[in-house]
Amino acid sequence: MVAVPVEYNTGDGETQGGDAFIVYPGGDGPWLSTRLEAERRGTEDLELLRLLREHNPYLYDRLITQVFRSNSDYTDGEALFDDVYRQLLEALAD
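Each value, and the rule that gives it
- Residues numbered from 1 in each chain as written.
- Predicted model: local features only at pLDDT ≥ 70, side-chain atom pairs only at ≥ 80, totals over all residues.
- Heavy atoms only, no water.
- Helix = DSSP H or I, 4+ residues; strand = E, 2+ residues; numbered from the N terminus.
- Expected span 1.5 Å × (residues − 1).
- Buried < 20%, exposed > 50% of the residue type's maximum accessible area, 1.4 Å probe, protein only.
- Arc of directions from axis to C-beta.
- Contact = heavy atoms within 4.5 Å.
- Salt bridge = Lys/Arg side-chain N within 4 Å of Asp/Glu carboxyl O.
- Core = buried A, V, L, I, M, F, W, Y, C linked by side-chain atoms within 4.5 Å.

*Asks:* Lay out helix 1 (residues 34–55) with the relevant residues and their values.
*Replies:* In this model helix 1 runs 31 Å from its N-terminal to its C-terminal C-alpha over 22 residues, within 8% of the 32 Å that 1.5 Å per residue would give. Looking at helix 1, one finds that the buried residues are Asp45, Leu48 and Leu52. Across the axial projection of helix 1, the buried residues extend over an arc of 60 degrees, all falling on one side. The exposed set on the far side of helix 1, more than 90 degrees from its buried face, consists of Thr43, Leu46 and Glu54. Of the surrounding secondary structure, the elements contacted by the buried residues of helix 1 are helix 2 (57–67) and helix 3 (78–93).

Printed below as a string of structure tokens:
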């Protein structure tokens, strides 16, 4: 087992929720955190959006403005996000 710094250790060798780790030591190898998975998915989404911007700038602008207008003005509706994501994937599949 990999030693965990004492400030992140609960005393029983476990780390606390909300800590700074994105990979945890596991008995059968590293355990990937939800935080790391979210970062990976966000990076993939960014690359998909970059590809769409190159392929179809008009659709890129239209899709982005449906969900994001500024850092304080955005839509977090799951159904709309899923629809926009589907449109993004379909546009890149063509």
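*Asks:* Describe in detail the pattern of salt bridges, supporting the description with residues and values.
*Replies:* Charged atoms that come close allow side chains of opposite charge to pair. Applying the stated criterion to the full structure yields 7 salt bridges. Here Arg69 and Asp73 are joined by a salt bridge, their closest N and O atoms 3.3 Å apart. Of the residues examined, Asp73 reaches a relative accessible area of 36% and is grouped as partly exposed.

*Asks:* Describe in detail the nonpolar core, supporting the description with residues and values.
*Replies:* Taken as a class, soluble globular proteins show a tendency for nonpolar side chains to be buried jointly. Formed by Leu48, Leu52, Leu59, Tyr60, Leu63, Val67, Val84, Leu88 and Ala91, the largest nonpolar core amounts to 9 residues. Sorting the residues of this core by element identifies helix 1, helix 2 and helix 3 as the ones contributing at least two each. The biggest single contributor to this core is helix 2, with 4 residues.

*Asks:* Explain helix 3 to me, using residue names and the numbers behind them.
*Replies:* The end-to-end C-alpha separation of helix 3 is 22 Å, in line with the 22 Å expected for 16 residues at 1.5 Å each. Three or more residues of helix 3 are buried, namely Val84, Gln87, Leu88 and Ala91. For helix 3, the angular spread of buried residues about the axis comes to 100 degrees, placing them on one side. In this structure, helix 3 carries Glu78, Ala79 and Ala93 as exposed residues pointing more than 90 degrees from its buried face. For helix 3, the elements touching its buried residues are helix 1 and helix 2.

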